[in-house]
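Fold and geometry: a report
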Amino acid sequence: MIPINETLILVLSLVSGVALGAMFFGGLWWTIRKGVSSRQPALWFFSSLALRTSIALAGFYFVGRGHWERLLVCILGFVLARLIVTRLTRAEGKPVCLTQEASHAS
């Protein structure tokens, strides 16, 4: 049986993973929306990637603290957030096609 203290820590690890994932994938969605219409999209995408990855890795390191169980539950929350953000940001029944918006690049 898992002690209550450890259960609480695992639940907090899951919530932290969901928060990290929401930040990472929500930030990705926001970056794509802003970067596509930007005059310097490479700067947007690279800066966003560096910032989002740094925050996510620091969060995993902080939550895990040498306990693989906490890290695993945190990563599970991260993946769960990916599913949630993907569903929430999906176009209303239409697949997103960026080639129409970026046709000037060809």
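The preceding data block contains the structure.
Treat the numbers as computed from the prediction; the structure is a model and nothing was measured. (Residues numbered from 1 in each chain as written. Predicted model: local features only at pLDDT ≥ 70, side-chain atom pairs only at ≥ 80, totals over all residues. Heavy atoms only, no water.)

1. Comments concerning helix α3 (residues 68–89)
- Spanning 22 residues, α3 covers 31 Å between terminal C-alpha atoms, matching the ideal 32 Å at 1.5 Å per step.
- Where α3 is concerned, the buried positions are R70, V73, C74, G77, F78, A81 and V85. Taken end-on, α3 shows its buried residues confined to a sector of 150°, consistent with a single buried face. In α3, the exposed residues that point more than 90 degrees away from the buried face are W68, L72, L76 and R87.
- Those residues of α3 hidden inside the fold are in contact with α1 (4–36) and α2 (41–64). (Helix = DSSP H or I, 4+ residues; strand = E, 2+ residues; numbered from the N terminus. Expected span 1.5 Å × (residues − 1). Buried < 20%, exposed > 50% of the residue type's maximum accessible area, 1.4 Å probe, protein only. Arc of directions from axis to C-beta. Contact = heavy atoms within 4.5 Å.)

2. Re the side chain of T31
- For T31, the position within the fold is in helix α1.
- Look at T31 and you get buried, because its relative accessible area is 2%.
- Side-chain polar atoms of T31 contact the side chain of S48, separated by 2.6 Å. (Polar contact = N/O pair within 3.5 Å; in protein donor to acceptor, adjacent residues only side chain to side chain.)

3. Side note on unusual backbone geometry
- Backbone geometry at R65 places phi at a positive 40°, although glycine is not the residue there.
- As for its position among the elements, R65 is in the loop between α2 and α3.
- Given the relative accessible area of 51%, R65 is considered exposed.

4. Brief notes about the side chain of R70
- Secondary-structure assignment places R70 in helix α3.
- Leaving out residues up to four positions away in the same chain, R70 has contacts with E6, I9, L10, S13, V63 and G64.

5. Observations regarding the packing of α2 against α3
- The contact between α2 and α3 brings their axes to 8 Å, and the two run at 140°. The handedness of the crossing between α2 and α3 is right-handed. In this structure, α2 uses A56, F60, V63 and G64 to contact α3, whose residues at the interface are R70, L71, C74, I75 and F78.
- Residues that form the contact of α2 with α3 fall into these classes: seven nonpolar, one polar and one charged. (Axes fitted to C-alpha atoms, helices over the stretch in contact; angles between N-to-C directions. Left-handed = near helix turned anticlockwise from the far one by under 90°. Nonpolar A, V, L, I, M, F, W, Y, C, P; charged D, E, K, R; others polar.)

6. Some remarks on the pattern of salt bridges
- Scanning the entire structure with this criterion turns up one salt bridge.
- A salt bridge links R70 to E6; its shortest N-O distance comes to 4.0 Å. A residue pair is termed long-range when its members are at least 10 positions apart, and R70 in helix α3 and E6 in helix α1 qualify at 64 residues.
- Take E6: its relative accessible area is 25%, and that puts it in the partly exposed class. (Salt bridge = Lys/Arg side-chain N within 4 Å of Asp/Glu carboxyl O.)

7. Points about a nonpolar patch on the surface
- Nonpolar side chains collect at one region of the surface, where L71, I75, V79, L80, L83, I84 and L88 lie side by side and expose about 610 Å² of accessible area between them.
- Its place among the elements puts L71 in helix α3. (Patch = residues over 30% accessible without salt bridge, like charges linked within 9 Å, V, L, I, M, F, W, Y side chains within 5 Å. Areas by Shrake-Rupley, 256 points an atom, 1.4 Å probe, with all protein chains shown as cover.)

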